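Commentary on secondary and tertiary structure
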There are 2 protein chains.
Amino acid sequence: MTQTQKIDLLIEARWIAPVDSDALLEHHAVAIDNGRILALLPSNQARRRFQPARQRILDKHLLIPGLVNTHTHAAMTLLRGIADDLPLMEWLQKHIWPAEAAHMSPQFVLDGTRLACVEMLRGGITCFNDMYFFPDASAQAASELGMRATIGITTLEFPTPYASDADDYLDKGLAVRERWLEHPLINFSLAPHAPYTVNDASFERIATLAGQLALPIHCHIHETQQEIVDSLKLHGKRPLARLHDLGLTGPGLIAVHAVHLDDGDIRLLAESGSHVAHCPTSNLKLASGIAPLKRLLDAGINIGLGTDGAASNNRLDLPGEMRLASLLAKGSTGDAAAVSARHALRMATLGGAQALGLATRIGSITPGKQADLCAIDLSSSDCRPCFDPVAHLVHVAGREAVSDVWVDGKCCIEAKTLLANSPNNLEAALTLWQNRLEVCR
Amino acid sequence: MTQTQKIDLLIEARWIAPVDSDALLEHHAVAIDNGRILALLPSNQARRRFQPARQRILDKHLLIPGLVNTHTHAAMTLLRGIADDLPLMEWLQKHIWPAEAAHMSPQFVLDGTRLACVEMLRGGITCFNDMYFFPDASAQAASELGMRATIGITTLEFPTPYASDADDYLDKGLAVRERWLEHPLINFSLAPHAPYTVNDASFERIATLAGQLALPIHCHIHETQQEIVDSLKLHGKRPLARLHDLGLTGPGLIAVHAVHLDDGDIRLLAESGSHVAHCPTSNLKLASGIAPLKRLLDAGINIGLGTDGAASNNRLDLPGEMRLASLLAKGSTGDAAAVSARHALRMATLGGAQALGLATRIGSITPGKQADLCAIDLSSSDCRPCFDPVAHLVHVAGREAVSDVWVDGKCCIEAKTLLANSPNNLEAALTLWQNRLEVCR
């Protein structure tokens, strides 16, 4: 007689999309112990083999890997909707920058990132790649909420309330990283803001640090046509070529936006093994354009999806980005088969994990990986009928259908009610921030 | 001493966007009696002036006119997700048409339209413009659910399970219209399917009928480039020019999709006073392209928003279409100020009402109009902070934030639970349809 094995958690689901293959498993279960995925097997076998301390039966649900938000500025939730429908420079110069200059502080970042984490967890995101200021506060918010995060060591040449020059940004960021080195959920990246805000010497220091510390590099690249024109004038080359010459391209680089790309740019990204964080909503809202997603995928470039910050989106909604990525690719190429639902799901999970250098630990429902999971309830009338659960996830179900979220096997569903019950009095903090920021509009 | 007036319903709201102007009213109330809006006034005055039988206080909500879905094929909810991510002709010929040929019936249309009405009401839509078969069943479903509808007298040259030729479609549709003439919520349009499926003689009969019966004309126009190429070959003119020569353009025409338009087409639409039903999600998903929304608005053409049917979207989600219309217009023109949230809200309400010829009765919160209303709860953490409620409606809040819906002053919020409690056993019918349709995939 076989003995049953004691485990922490068994999740049985009507459908499971593990993403490490295109398979769609039916009536399967995920066995979880000590935060990791122990096994993925038919539910009836799992019941015989395991003796779980806790059990969750998702009989009308699709279980997928937790979503990975490959680019955001989490704390900017506090600036959500502070100025919309404005030309880019007016938006930045008259609204966003003045508000940040007046209010940015560790407390701003802590409260804003808490709010972002609540929103992201409610919508199925279990990991985010952040670029903002006061990284210690971002890391604290993510760890409080039990969310996985790659915190950017943001670098700029010009001063902000956080730091004075590039070396100051880097030194402060590296010191914060030291403090969080042992935390299981918190990782770091080097995050030079953009080619037009960071000089060659700083990029060279960043390239060296990336190699020494094995950190990914998280950088806005080719978001607008103007930055390419300016770079050609100033440096005699396109921004991506400049980064390549400075040693920043490669499997460690996450090129954010990558909207304006010629064939040479795409070849350079592909041949270097660089990743792209595709942010379709933000690219439309700021009128940057439509990134050539299908061409990037056809070139074999790994893609993650990002929401960007809530000031330019204004939702941290990765299911929404999946849908828009698929729709835009079809509409802009004339090919209705471009970027299928399966492609979109892969980008939003494993693609993001690969970009962050975390694919051995997260991004798919694979035994040995951490149990970062998301369940989508497909039983509401808005989702009926349902013929293909993965297509429904992308084309039908919104983030409102997310029912359960686990990070490292720990249920984060309490995030759904977190705002009301916040031990940090986030509700009161949000009212305070709104009143303060109102005057910046 | 002023005497108070007895009324059916008083709705007090934190914010009201009446849409007949760009005003945003705070702490105002809508007084409703006998299904109509009696007054719109500050809440404290309303409490003194009226004695309502019922009262609703929306203290964290934005109240807007009920949303108008200017183009859909409601019953196609039953084909939601039956085939996604496929090239257009494979999708139509191998999946949609065979499924319709095998299953379309009055019961199919009744059940499918019921499901569509539930979804639309849950998402704030109070009126829809439908084009499908068995119009008696569509009208029955809408009236059962208390929803306003303009039912298309669909016309094609080729036979379907519903009718044999254009005259048969028209005669059957006109007979159905006779039966519903007195119903307060049900209106009709003439709905020639498209220039490439209807011949000149039928269009001429339709133009005559439109004039005699004062009915709008609801027609797919310039959805794809191919139909323009074909029309030039067959008729020696573009489809829109042909319709114009046949007398169909004018304030009665709702041109659906209108994706591929040259300057002459836009001038023709503008000068004739024709309306456009803009369906951005469907246009992307079927790879038709991106309609030139900003150019249409700049030309002074009235625009309504449509979801299209659930086989090509796959959500009947007008808040989603508002957001996408605004985003796409920005991203495709390079102008971040293009199609503001206020523009989008206007298209989704008053623009749609004008297109349907119903603007004297619905489309704005104006005394004298019917009380078709929608409330959006902006208090969830995903909507915090909130600086501009109308911008938040479009760029932040999804349809999941819709809390209350009224048609003719009657609360339809029970639609939220309608599926479970359906007196028509819709739940069982949906399971049946899913099983039947599964074999068509």
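Residues numbered from 1 in each chain as written. Chains lettered and ligands numbered in written order. Predicted model: local features only at pLDDT ≥ 70, side-chain atom pairs only at ≥ 80, totals over all residues. Heavy atoms only, no water.

**Observations regarding the overall build of chain A**
Broken down by element type, chain A carries 16 helices and 15 strands. In terms of its C-alpha atoms, chain A occupies a principal-axis envelope of roughly 75 × 50 × 45 Å. Counting all 441 residues of chain A, 65% fall into the buried class. Intrachain contacts of chain A at a sequence separation of at least 6 include 72% that bridge at least 24 residues. Summed over its atoms, the accessible surface of chain A is roughly 14800 Å², and 51% of this surface lies on carbon and sulfur atoms. Treating the 39 positive side-chain charges of chain A as one cloud and the 48 negative ones as another, the clouds have centres 6 Å apart. (Helix = DSSP H or I, 4+ residues; strand = E, 2+ residues; numbered from the N terminus. Buried < 20%, exposed > 50% of the residue type's maximum accessible area, 1.4 Å probe, protein only. Contact = heavy atoms within 4.5 Å. Areas by Shrake-Rupley, 256 points an atom, 1.4 Å probe, with all protein chains shown as cover. Lys, Arg positive; Asp, Glu negative; His and termini not counted. Charge placed at Lys NZ, Arg CZ, Asp CG, Glu CD.)

**Quick word on the pairing of strand 11 (residues 275-278) of chain A**
Residue and element names in this part refer to chain A. Of the two faces of strand 11, the one carrying His275 and Ala277 and the one carrying Val276 and His278 are both buried. By the bridge criterion, 3 bridges tie strand 10 (residues 253-257) to strand 11 in an arrangement that is parallel. Pairing of Ala255 across the sheet is with Val276, part of strand 11. For the crossover that starts at strand 10, traverses helix 9 (residues 263-272) and ends in the parallel strand 11, the hand is right-handed. Direction of pairing for strand 11 relative to strand 12 (residues 302-305): parallel, over a ladder of 4 bridges. Each residue of the ladder has a partner; that of Ala277, found in strand 12, is Gly304. (Pairing = 2+ DSSP bridges. Right-handed = clockwise from strand over helix to strand, strands pointing away.)

**Thoughts on empty space enclosed by the protein**
Summed over all chains, the structure comprises 5 cavities of 30 Å³ or more. Considered as a void within the structure, the largest cavity measures approximately 390 Å³ in volume. In terms of lining, the largest cavity is formed by 26 residues, of which the most central are A:Gly320, A:Arg323, B:Asp317, B:Gly320 and B:Arg323. Going through the elements one at a time, helix 12 (318-333) of chain A together with helix 12 (318-333) of chain B are the ones with two or more residues in the lining of the largest cavity. (1 Å grid on protein atoms, 1.4 Å probe; cavity = no way out; pocket = protein on both sides within 12 Å on 5 of 7 lines; lining within 4 Å. Points joined across faces, edges and corners; volume = space filled by probe spheres on them.)

**Remarks on the packing of aromatic side chains**
Residues and elements named next belong to chain A. For the structure shown, the criterion picks out 10 aromatic pairs over all chains. Relative to Tyr162, the ring of Phe133 lies with its centre 6.4 Å away and its plane at 55 degrees, an arrangement referred to as tilted. A residue pair is termed long-range when its members are at least 10 positions apart, and Phe133 in the loop between strand 6 (125-130) and helix 4 (135-144) and Tyr162 in the loop between strand 7 (148-155) and helix 5 (166-180) qualify at 29 residues. By way of ring pairs, the aromatic residues Tyr132, Phe133, Phe134, Tyr162 and Tyr169 are connected into one cluster. Looking at Lys172, its charged tip hangs above the ring of Tyr162, at a distance of 5.7 Å from the centre. (Phe/Tyr/Trp six-rings, centres within 6.5 Å; stacked < 30°, edge-to-face > 60°. Lys NZ or Arg CZ within 6 Å of the ring centre and 35° of its normal.)

**Observations concerning the pattern of salt bridges**
Oppositely charged side chains may form a pair once their charged atoms are brought near each other. If you walk through the whole model with that rule in mind, you get 54 salt bridges over all chains. Among the salt bridges present, the one from B:Arg80 reaches B:Glu119, with a minimum N-O distance of 2.9 Å. Of this pair, B:Arg80 sits in the loop between strand 5 (67-72) and helix 2 (88-103) while B:Glu119 sits in helix 3 (residues 106-122), and the two are 39 residues apart along the sequence. What makes B:Arg80 buried here is its relative accessible area of 0%. A salt bridge links B:Asp200 to B:Arg242; its shortest N-O distance comes to 2.7 Å. Of this pair, B:Asp200 sits in helix 6 (residues 200-213) while B:Arg242 is found in helix 8 (residues 239-245), placing the two residues 42 residues apart along the sequence. Within this structure, A:Arg80, A:Glu119, A:Arg122, A:Arg399 and B:Asp382 form a network of salt bridges that share partners. (Salt bridge = Lys/Arg side-chain N within 4 Å of Asp/Glu carboxyl O.)

**A short note on the confidence of the model for chain A**
Counting all residues, the mean pLDDT for chain A is 94, and 95% of those residues have values of 70 or more. Both scores are available for the predicted complex, with the pTM at 0.96 and the ipTM at 0.95. (pLDDT = per-residue confidence, 0-100.)

**Section: the interface of chain A and chain B**
With 63 residues of chain A in contact, the opposing surface of chain B contributes 63 residues. Of the roughly 5000 Å² buried where chain A meets chain B, counting both sides, 56% is carbon and sulfur surface. When the buried surface of chain A facing chain B is broken down by residue, A:Asp85, A:Arg384 and A:Phe387 rank first, second and third, together holding 17% of it. At the junction of chain A with chain B, the criterion picks out 8 salt bridges. Note that A:Asp382 and B:Arg399 form a salt bridge whose closest N and O atoms lie 3.7 Å from each other. At the surface where chain A touches chain B, the tally comes to 20 residue pairs in polar contact (both at pLDDT 80 or more). Of all the elements in the fold, those that place two or more residues in the side of chain A that touches chain B are helix 3 (106-122), helix 10 (280-285), helix 12, helix 14 (389-395) and helix 16 (426-438) of chain A. Among the elements that make up the side of chain A that touches chain B, the one with the highest residue count is helix 12 of chain A (7 residues). Classifying every residue of the side of chain A that touches chain B by side-chain character gives 28 nonpolar, 17 polar and 18 charged. (Buried area = accessible area lost by both parts, 1.4 Å probe. Polar contact = N/O pair within 3.5 Å; in protein donor to acceptor, adjacent residues only side chain to side chain. Nonpolar A, V, L, I, M, F, W, Y, C, P; charged D, E, K, R; others polar.)

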